Amino acid sequence: MYDRRGVLRLGGTALTAGVAGCGGSSSGGEGGEEPPTEGQEPTVVAMTDDLKFEPRRVQIGVGETVVWETTGSIAHSVTAYEADLPENASYFASGDFETEAAAREAFPSGGSVGAGETYSHTFETAGEFPYFCIPHQAGMVGAVVVEN
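If you're wondering where the values come from, they're calculated on a predicted model, not measured in any experiment.

What counts and how
- Residues numbered from 1 in each chain as written.
- Predicted model: local features only at pLDDT ≥ 70, side-chain atom pairs only at ≥ 80, totals over all residues.
- Heavy atoms only, no water.
- Salt bridge = Lys/Arg side-chain N within 4 Å of Asp/Glu carboxyl O.
- Helix = DSSP H or I, 4+ residues; strand = E, 2+ residues; numbered from the N terminus.
- Buried < 20%, exposed > 50% of the residue type's maximum accessible area, 1.4 Å probe, protein only.
- Contact = heavy atoms within 4.5 Å.

Participant: Would you take a moment to explain the pattern of salt bridges for this structure?
Facilitator: Pairing is possible between side chains that carry opposite charge, provided their charged atoms lie close to one another. If you walk through the whole model with that rule in mind, you get two salt bridges. Across the pair Glu-128 and Arg-57 runs a salt bridge whose closest N-O atoms are separated by 3.0 Å. A residue pair is termed long-range when its members are at least 10 positions apart, and Glu-128 in strand β7 (residues 127–132) and Arg-57 in strand β3 (residues 57–61) qualify at 71 residues. Judged by its relative accessible area of 38%, Glu-128 falls in the partly exposed class.

Participant: Where do I start with unusual backbone geometry in this structure?
Facilitator: Negative phi characterises most residues that are not glycine, and trans characterises most peptide bonds. Cis geometry marks the peptide bond from Glu-54 to Pro-55; its omega dihedral reads 0°. Turning to its location among the elements, Pro-55 is positioned in the loop between β2 (53–54) and β3. The amide bond that connects Phe-107 to the next residue, Pro-108, takes the cis arrangement and shows omega of 5°. Along the chain, the position of Pro-108 falls in the loop between α3 (100–106) and β6 (118–122). Backbone geometry places Asp-96, a non-glycine residue, at a positive phi of 60°.

Participant: In this structure, what is going on with the environment of Pro-86? I would like to understand it.
Facilitator: Structurally, Pro-86 is set in the loop between β5 (79–80) and α3. We classify Pro-86 as buried; its relative accessible area is 17%. C-alpha separation for the pair Pro-86 and Pro-130, spaced 44 residues apart in sequence, amounts to 9.8 Å. Setting aside residues no more than four positions away along its own chain, Pro-86 makes contact with Thr-125, Ala-126, Gly-127, Glu-128 and Phe-129.

What follows is the structure, given as structure tokens:
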């Protein structure tokens, strides 16, 4: 569905410059995640105007990257359920927030991923990582399963 060139085009400067963790912009943001290593295809999750993560659940290996892309016109967020993260796992949220409470408080001025923009995170710990979209949390949920 997505090839590497397509992901790089969609991510623009964010992936090629290594500023993949964005606060609502694919060309900047504070902090950020490392881009996929050469030869490693990132897993892409579309955030749709149907208020869904597609696919809803993805399976990757430790050290691999997931890229979330807003494919429609409605802005979304990627926000981990902090209490449900595996032990010793890093928290993740679009906007590079350190806690779920901070991500919720800042939305929509921070953490929003608008049309055509991306957010990515590289997973360094095995386990299941449930996440949601702040404004559409009633049904827009997903999970990343990371295996050793």
